[in-house]
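# Structure assessment
What follows is each chain in one-letter form.
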Amino acid sequence: MRLLMTASQIHGLPVVTVRGGEDIAEVRDVIYNPEAGRLVGVTLNKRGFLAGRHREVLPAEAIHAVGQDAVMVLDETSLVTPQDAPADVGHPATERNVLGDDVLTEGGTSLGTVADLVLLVGSSGEVVGYQIDKPGGGSGYIPLPAQLSISGVALVVPNITEEFVQDDLVGLGAAVDEFRVRMGLT
Amino acid sequence: MGLIGWLILALIVVAVTMLVFVVVRRRRRGGSIIATRSRR
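About the thresholds
- Residues numbered from 1 in each chain as written.
- Chains lettered and ligands numbered in written order.
- Predicted model: local features only at pLDDT ≥ 70, side-chain atom pairs only at ≥ 80, totals over all residues.
- Heavy atoms only, no water.
- Helix = DSSP H or I, 4+ residues; strand = E, 2+ residues; numbered from the N terminus.
- Buried < 20%, exposed > 50% of the residue type's maximum accessible area, 1.4 Å probe, protein only.
- Contact = heavy atoms within 4.5 Å.
- Buried area = accessible area lost by both parts, 1.4 Å probe.
- Salt bridge = Lys/Arg side-chain N within 4 Å of Asp/Glu carboxyl O.
- Polar contact = N/O pair within 3.5 Å; in protein donor to acceptor, adjacent residues only side chain to side chain.
- Nonpolar A, V, L, I, M, F, W, Y, C, P; charged D, E, K, R; others polar.
- Pairing = 2+ DSSP bridges.

### So, the overall build of chain B
When you go through chain B residue by residue, the secondary structure sums to one helix and one strand. Projected onto its principal axes, the C-alpha positions of chain B cover 70 × 15 × 10 Å. Of all 40 residues assigned to chain B, the portion counted as buried reaches 18%.

### Things to note about the interface of chain A and chain B
Residue-level contacts link 34 residues of chain A with 16 residues of chain B. A combined buried area of about 2,300 Å² lies between chain A and chain B, and 46% of that area is made up of carbon and sulfur atoms. It is E35, D88 and R96 of chain A that lose the most area in chain A upon contact with chain B, and together they represent 25% of the buried surface on that side. Inspection of the chain A/chain B interface yields zero salt bridges. Summed over the shared surface of chain A and chain B, the result is 13 residue pairs in polar contact (both at pLDDT 80 or more). For the side of chain A that touches chain B, the secondary-structure elements that each account for two or more residues are strand 3 (23-33), strand 4 (38-45) and strand 9 (110-120) of chain A. In terms of residue count, strand 3 of chain A provides more of the side of chain A that touches chain B than any other element does, seven residues in total. Looking at the side of chain A that touches chain B residue by residue, the class counts come to 16 nonpolar, nine polar and nine charged.

### Brief notes about the pairing of strand 3 of chain A
The side chains of a regular strand alternate, first on one face of the sheet and then on the other. Counting buried positions along strand 3 of chain A yields 10 of 11 residues, so the element is predominantly enclosed. In the sheet, strand 2 (residues 14-17) of chain A pairs with strand 3 of chain A via three bridges, with the strands oriented antiparallel. Pairing of V15 of chain A across the sheet is with A25 of chain A, part of strand 3 of chain A. The hairpin turn running from strand 2 of chain A into strand 3 of chain A, its antiparallel successor, is five residues long, and G21 of chain A in that turn takes a positive phi close to 70°. When strand 3 of chain A meets strand 4 of chain A, the two strands line up antiparallel, connected through six bridges. Counted as the bridge partner of V30 of chain A is V42 of chain A from strand 4 of chain A. Where strand 3 of chain A lies against strand 1 (residues 33-35) of chain B, three bridges are found, and the strand directions are parallel.

Right, here's the structure in full:
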């Protein structure tokens, strides 16, 4: 069974070590590769009510598993300094925050704005789609890799994406495979 | 300034303090979804 989770559910999750059971940080920002459809890492906050940004980051390779209640890592050495991390994680492109981006088809139709990112729970780190706020109200889901281009302002998707807007996460799970077949990606 | 005036002033100070607190906390918490730079 594929269990899907949104990035907003991952924000604030504790980062816990498998070996020591220690709660060492919490998730701040989620960084993903839209072309590969993969999570590449997360930035961190220190634990505590008013604690700020954690100096170290967590690349996807160092994540043991992403669960509903915690992000699991082997031990404290899984956290690395920005200098030792892949550039996309160590120095994330903060201007490419997709939240609030307009989702436009290549034909110029607006499907809404990006409200969230949908990931597969577990160790794969696969990103399967976006949650969008529709122009007429309400939310929907579109499968990934849907985007032809992406910036901090707009996400341009193929016209076919309009047919795959789903009303719930269950529908998205089923739509992803069909979408990839139609796009010739599988 | 009468008692009512002081009460209103105190309420304004509390409201502004709470607003600043919430904004600062939200900024510190982050919560962005960042796409990597395109390799194409």
